[in-house]
Amino acid sequence: MSVEENFAKNSEFNLSMVPSKFASFMRTCVIWQFIRFVAINLKMIIVVRKSH
Amino acid sequence: MARLVVLGAGVAGHTTATFAKKWLGNGHEVVVVTPNSLWNWIPSNIWVGVGGMSKEDVVFPLAPVYQKAGIDFRQAKAVSIHPEGKDGSDTPYVTVEYTGQNKEGQTEEITYDYLVNATGPKLNFDATPGLGNGEGGIGSNTVSVCTADHAVHASQELKQVFEKAKRGERQKILVGTGHGMCTCQGAAFEYIHNIHHEAEKAGVRDNVDIKWISNEAFLGDFGMGGMHMKVNGYVVSSRIFAESLYTERNIPWIIGAHVNKIEEGKAHYELLDGSTGEEEFDFAMLIPPFAGAGMKAYDKAGEDITSKIFNPGGFMFVDGDYAPKPYDEWKAADWPRTYQNRDYKNIFAAGIAFAPPHIISKPAKSPNGTPINPTPPRTGMPSGIIGKAVAHSIVDLIKNGSSAHLHEASMAEMGAACVASAGKGLTGGQAAAMTIYPVVPDFDKYPGTGRDTEYTFGEIGLAGHWIKHILHHLFIWKAKLKPGWTLIPE
Ligand SMILES: Cc1cc2nc3c(=O)[nH]c(=O)nc-3n(C[C@H](O)[C@H](O)[C@H](O)COP(=O)(O)OP(=O)(O)OC[C@H]3O[C@@H](n4cnc5c(N)ncnc54)[C@H](O)[C@@H]3O)c2cc1C
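Residues numbered from 1 in each chain as written. Chains lettered and ligands numbered in written order. Predicted model: local features only at pLDDT ≥ 70, side-chain atom pairs only at ≥ 80, totals over all residues. Heavy atoms only, no water.

Trainee: Summarise the overall build of chain A; cite the residues concerned and give the values.
Mentor: Scanning chain A from N- to C-terminus turns up three helices and zero strands. Order of helices (α) and strands (β) in chain A, N terminus to C terminus: α-α-α. Considered along the principal axes of its C-alpha atoms, chain A spans approximately 45 × 25 × 10 Å. For chain A, with 52 residues in total, the buried portion stands at 31%. Looking at chain A as shown, the accessible area adds up to about 3,600 Å², and 68% of this sits on carbon and sulfur atoms. (Helix = DSSP H or I, 4+ residues; strand = E, 2+ residues; numbered from the N terminus. Buried < 20%, exposed > 50% of the residue type's maximum accessible area, 1.4 Å probe, protein only. Areas by Shrake-Rupley, 256 points an atom, 1.4 Å probe, with all protein chains shown as cover.)

In structure tokens, the structure reads:
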């Protein structure tokens, strides 16, 4: 079932946005997520360093 | 030889005590007073609450760790502070009541040179009729994930709900905040999304209605007035992403809600527009409002000075600007920097125990005058950073005398990294990884969003889950003072 069907379930859902199949897939795509793992860690390290 | 007494061994107190002891060495004493024998990595209680981890995975005994570190551990709760001593003695002390170490119920006076109040929140279930049991604990109508034991109970109840759903009985789940003045929406966010994830894994999601209820004025406020982040060339509000996630996962929301009464299977609430409603449930996890630990304070003559040291909610006054002022006049500079008590310079408060000058989200009231707005979160990273700064200050005061420079850690100048779980699993898990800078918005410095959008971002995916899982092990490693613990940041 496509998440787009959720738009019809209530008026608040209808004004929201949902990820495309591609965006959903990328969220758990191990190779892409490994790259994001490195990127997010770098971003977090910068904020942690700025805060100490 | 000076004695530092730390009240509370949570994120803030444990950080203060362990760093202070490391820096002070054996020439000075560090005493920790805390009622639990176990240390708990609270963020992972979410996974205990859905059966993804056991209690043993998230706790460990404190006594051996403190013994190894040379910290004097008292399993007791602090009852009162006497900053001026008593008749015949100027030495300040705290009164404690033992909860373990074979001294249950016994009281003792522990003198101090420096005192840190890191007693965190009291889970104030009784603020909402039916949420508490009338004796300070949680009632039988809802569950909680705020302590490891609560989370174990929640997971047992959730299992039964899933079993009923499997048998074809439609089940209603309600998750969110149990009062108009709650904080910690992030924990409820994690729990509702973990329930969704587990329900899908168990193949029962179609038979389970999951609904969100919270005191936030908009979804994604999280008690921080939301956040704006850069995504694909746009700067957007966290509301857009929160609403998207709830829509994608078919989780409708009720927001701006003050839950004012709970009955078996039913929550009553008032909304920001003044209307009222009720929501039925088979299973509900509603975060209680937080109060301070409820300690009293007395002067030398034995007069009650609790209201001089603590605000009405029980949080300790420090060096913030507590003058009441309208929202438009709130400034980043109102927020405390050193966490030194304003009246007694040898007392500090760290973590949730300090009194914030005001909330962070925009204040809101229903037409009936009911305040419905999140109170300010003080999450793990700020609590740890504040705990360490306070340890630094006290060590310098002990070593260099009362003119030593105090270390600063304003929440309006520090950022926070936060990873909110949205489901557990090595390849199927997801979490929203976020950084926010600064925690308290500074609209003078960053007009428009109040924050630096270069350092404020959020992203959901499996990578976030991996980070959350690694952090679970890292922080428990650090709290156990295992090799390299000082290198792991707060
Ligand atoms: C379910 C849940 C999930 C969370 N998830 C996250 C997350 O993912 N990321 C994040 O950053 N934050 C998270 N938080 C928030 C985080 O747990 C808190 O920010 C943090 O624990 C605050 O630290 P603290 O030391 O002030 O309080 P606590 O960690 O609560 O410690 C308080 C200590 O004081 C002790 N105490 C209480 N009363 C007394 C007394 N009278 N005398 C002596 N000691 C006393 C308590 O036993 C405890 O040891 C979560 C919170 C919850 C409830």
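This is not the end of the story, as more comes after the structure.
Trainee: Describe helix 6 (residues 185–201) of chain B, listing the residues and the values that go with them.
Mentor: Residue and element names in this part refer to chain B. Taking 1.5 Å per residue as the helical rise, helix 6 with its 17 residues ought to reach 24 Å, and the 24 Å between its terminal C-alpha atoms agrees with that figure. Within helix 6, 14 of the 17 residues are buried, which leaves the element mostly enclosed by the surrounding structure. One or two steps after helix 6, the chain reaches G203, where phi turns positive at roughly 75°. (Expected span 1.5 Å × (residues − 1).)

Trainee: Please provide a residue-by-residue account of the site of the ligand, values included.
Mentor: Residue and element names in this part refer to chain B. As a matter of local geometry, the ligand sits amid 32 residues, with A12, I352, R378, G380 and K468 nearest to it. At 3.3 Å from an oxygen atom of the ligand is found a side-chain nitrogen or oxygen belonging to N36. Elements with a contribution of two residues or more to the shell around the ligand: helix 1 (11–24), strand 2 (29–34), strand 5 (72–82), helix 6 and helix 9 (380–400). Residue classes in the shell around the ligand are distributed as 18 nonpolar, 10 polar and four charged. (Near = heavy atom within 4 Å. Polar contact = N/O pair within 3.5 Å; in protein donor to acceptor, adjacent residues only side chain to side chain. Nonpolar A, V, L, I, M, F, W, Y, C, P; charged D, E, K, R; others polar.)

Trainee: Describe the sheet that holds strand 23 (residues 431–436) of chain B, listing the residues and the values that go with them.
Mentor: All names here are of chain B. Read across the open sheet, the three strands follow the order 22-23-24; overall the sheet is antiparallel. For this open sheet the edge positions go to strand 22 (416–421) and strand 24 (457–461), each flanked by a neighbour on one side alone. Averaged over all neighbouring strand pairs, the angle between strand axes comes to 15°, with direction disregarded. Pairing between strand 22 and strand 23: six bridges, direction antiparallel. The residue of strand 23 that forms the bridge with A416 is I436. Strand contacts of helix 10 (residues 462–479): strand 22, strand 23 and strand 24, with the helix running at about 105° to strand 22, the strand carrying the most contacts. (Pairing = 2+ DSSP bridges. Axes fitted to C-alpha atoms, helices over the stretch in contact; angles between N-to-C directions. Contact = heavy atoms within 4.5 Å.)

Trainee: How would you sum up the interface of chain A and chain B? Please name residues and give values.
Mentor: Taken together, the contacts link 28 residues of chain A with 42 residues of chain B. Carbon and sulfur atoms supply 69% of the area that chain A and chain B bury against each other, a total of about 2,900 Å² over both sides. Of all residues in chain A, F13, R27 and M44 of chain A give up the largest surface area on contact with chain B, accounting jointly for 21% of the area buried on that side. The interface formed by chain A and chain B contains two salt bridges. A salt bridge links E248 of chain B to R27 of chain A, with the nearest nitrogen and oxygen atoms 3.1 Å apart. (Buried area = accessible area lost by both parts, 1.4 Å probe. Salt bridge = Lys/Arg side-chain N within 4 Å of Asp/Glu carboxyl O.)

Trainee: Can you tell me about the packing of aromatic side chains, naming the residues and giving the values?
Mentor: One pass over the structure, following the stated rule, counts 18 aromatic pairs over all chains. Consider the rings of F317 of chain B and Y322 of chain B, whose centres lie 4.9 Å apart with planes at 75°: the pair is edge-to-face. Considered together, F317 of chain B and Y322 of chain B belong to a single accessibility category, that of buried residues. Between Y437 of chain B and Y455 of chain B, the ring centres sit 6.0 Å apart and the planes meet at 65°, which makes this aromatic pair edge-to-face. With Y437 of chain B in the loop between strand 23 and strand 24 and Y455 of chain B in the loop between strand 23 and strand 24, the pair connects residues that are 18 residues apart, well separated along the chain. We classify Y437 of chain B as buried; its relative accessible area is 9%. With relative accessibility at 26%, the residue Y455 of chain B sits in the partly exposed group. Three or more aromatic residues link up through ring pairs in this structure, and these residues are F13 of chain A together with F189, W212, F222, Y246 and W253 of chain B. Its end group placed over the ring of F354 of chain B, R378 of chain B keeps NZ or CZ at 5.2 Å from the ring centre. (Phe/Tyr/Trp six-rings, centres within 6.5 Å; stacked < 30°, edge-to-face > 60°. Lys NZ or Arg CZ within 6 Å of the ring centre and 35° of its normal.)

Trainee: Explain a nonpolar patch on the surface to me, and be specific about the residues and the numbers.
Mentor: A surface patch of nonpolar side chains, about 380 Å² in accessible area, is lined by F34, V38, L42 and I45 of chain A. Residue class for V38 of chain A comes out partly exposed when judged on its relative accessible area of 40%. (Patch = residues over 30% accessible without salt bridge, like charges linked within 9 Å, V, L, I, M, F, W, Y side chains within 5 Å.)

Trainee: Any details on the sheet that holds strand 16 (residues 266–271) of chain B? Residues and values, ideally.
Mentor: Residues and elements named next belong to chain B. As summarised here, the arrangement of the three strands in space is 15-16-17, forming an open sheet in which the pairing is antiparallel. Bordering the open sheet on either side are strand 15 (257–263) and strand 17 (276–280), each of which pairs with just one other strand. Each neighbouring strand pair of the sheet contributes to a mean axis angle of 25°, computed without reference to strand direction. Relative to strand 16, strand 15 runs antiparallel, the two sharing six bridges. Bridging from a neighbouring strand, E263 pairs with K266 of strand 16.

Trainee: I'd like a rundown of the pattern of salt bridges, residues and numbers included.
Mentor: All names here are of chain B. For the coordinates displayed, the defined rule picks out 25 salt bridges over all chains. Salt-bridge contacts for R170 lead to D209; the nearest nitrogen and oxygen are separated by 2.8 Å. Note that R170 is positioned in the loop between helix 5 (148–166) and strand 10 (171–177) and D209 in strand 11 (residues 208–213), a separation of 39 residues in sequence. The class of R170 is partly exposed, set by a relative accessible area of 47%. For E490, the salt bridge is made with K478, and the minimal N-O distance between the two is 2.9 Å. Of this pair, E490 sits in the segment after helix 10 while K478 sits in helix 10, and the two are 12 residues apart along the sequence. Each member of the pair, E490 as well as K478, carries the same accessibility label: buried. By sharing partners, the salt bridges in this structure join D72, R74 and E108 into a single network.

Trainee: Would you mind going over unusual backbone geometry in detail, with residue names and values included?
Mentor: All names here are of chain B. The amide bond that connects Y437 to the next residue, P438, takes the cis arrangement and shows omega of -10°. Positive phi is not limited to glycine here, since N102 has a value of about 60°. Structurally, N102 is set in the loop between strand 6 (93–98) and strand 7 (107–111). Overall, N102 belongs to the exposed group, its relative accessible area being 74%.

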